[in-house]
Amino acid sequence: FDILWNQMTALEHMRMFSRIKGVPNSEIDEQSSILLEKVGIDDVKDAVVGSFSGGMKRRLSVAISAIGNPKVIFFDEPTTGMDPVSRSAVWQLM
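Source: prediction; values computed, not measured.

1. Some remarks on helix 2 (residues 25-38)
Across its 14 residues, helix 2 extends 21 Å between first and last C-alpha, which sits within 8% of the 20 Å expected from 1.5 Å per residue. Of all the positions in helix 2, only Ile28, Ser32, Leu35 and Leu36 are classed as buried. Its buried side turned inward, helix 2 meets helix 1 (10-20), helix 3 (54-65) and helix 4 (84-93). Just downstream of helix 2, glycine 40 is the residue with a positive phi angle, here 80 degrees.

Dropping the structure here:
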């Protein structure tokens, strides 16, 4: 399951999880923008997540997992149900 809140935007999720993961405040917006762009949802970063499709929520979850440039990320079929273009973008990020 994706741990996302329907009332928050994609960017708000990125900022919140960045703070939790200890990303310096000066880097949060830049890192968030880059990751959202890499998974192909930078154009809806200010939209509430409740309006996202299942695939868009999954891409946001992948972006959140990559915050702070972790050495290891565990995924369980993160591209299931995604269209080929989105799937390719996610695999490139991984």
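2. Notes on the layout of surface pockets
What the second largest pocket holds in volume is close to 200 Å³. What lines the second largest pocket is Gln31, Leu35, Val62, Ala66, Gly68, Asn69, Pro70, Ile73, Phe75, Leu93 and Met94. Broken down by class, the residue content of the lining of the second largest pocket amounts to 8 nonpolar, 3 polar and no charged.

3. Some thoughts on the pattern of salt bridges
Enumeration over the complete set of coordinates arrives at 1 salt bridge. Salt-bridge contacts for arginine 15 lead to aspartate 29; the nearest nitrogen and oxygen are separated by 2.8 Å. With arginine 15 in helix 1 and aspartate 29 in helix 2, this pair connects stretches of sequence that are 14 residues apart. A relative accessible area of 39% places aspartate 29 in the partly exposed class.

4. Focus: unusual backbone geometry
Although it is not a glycine, asparagine 69 sits at a positive phi angle of roughly 55 degrees. With respect to the helices, strands and loops of the structure, asparagine 69 is situated in the loop between helix 3 and helix 4.

5. Looking at the packing of helix 1 against helix 3
It is at 10 Å that the axes of helix 1 and helix 3 come closest, and there the two elements cross at 25 degrees. One finds that helix 1 runs roughly parallel with respect to helix 3. In this structure, the crossing between helix 1 and helix 3 has a hand that is right-handed. The segment helix 1 lies against helix 3, with Ala10, His13, Met14 and Phe17 engaging Leu60, Ala63 and Ile64. The residue makeup of the contact of helix 1 with helix 3, split by class, is 6 nonpolar, 1 polar and no charged.

6. Describing the environment of lysine 57
Along the chain, lysine 57 falls in helix 3. Here lysine 57 falls in the partly exposed class, since its relative accessible area comes to 22%. Along the backbone, lysine 57 and leucine 35 are 22 residues apart, and their C-alpha atoms lie at a distance of 14 Å. Apart from residues no more than four positions distant in its own chain, lysine 57 is found in contact with Asp2, Leu4, Asn6, Val49 and Phe52.

Reading the values: the criteria
Residues numbered from 1 in each chain as written. Predicted model: local features only at pLDDT ≥ 70, side-chain atom pairs only at ≥ 80, totals over all residues. Heavy atoms only, no water. Helix = DSSP H or I, 4+ residues; strand = E, 2+ residues; numbered from the N terminus. Expected span 1.5 Å × (residues − 1). Buried < 20%, exposed > 50% of the residue type's maximum accessible area, 1.4 Å probe, protein only. Contact = heavy atoms within 4.5 Å. 1 Å grid on protein atoms, 1.4 Å probe; cavity = no way out; pocket = protein on both sides within 12 Å on 5 of 7 lines; lining within 4 Å. Points joined across faces, edges and corners; volume = space filled by probe spheres on them. Nonpolar A, V, L, I, M, F, W, Y, C, P; charged D, E, K, R; others polar. Salt bridge = Lys/Arg side-chain N within 4 Å of Asp/Glu carboxyl O. Axes fitted to C-alpha atoms, helices over the stretch in contact; angles between N-to-C directions. Parallel < 35°, antiparallel > 145°, perpendicular 65-115°, else oblique. Left-handed = near helix turned anticlockwise from the far one by under 90°.

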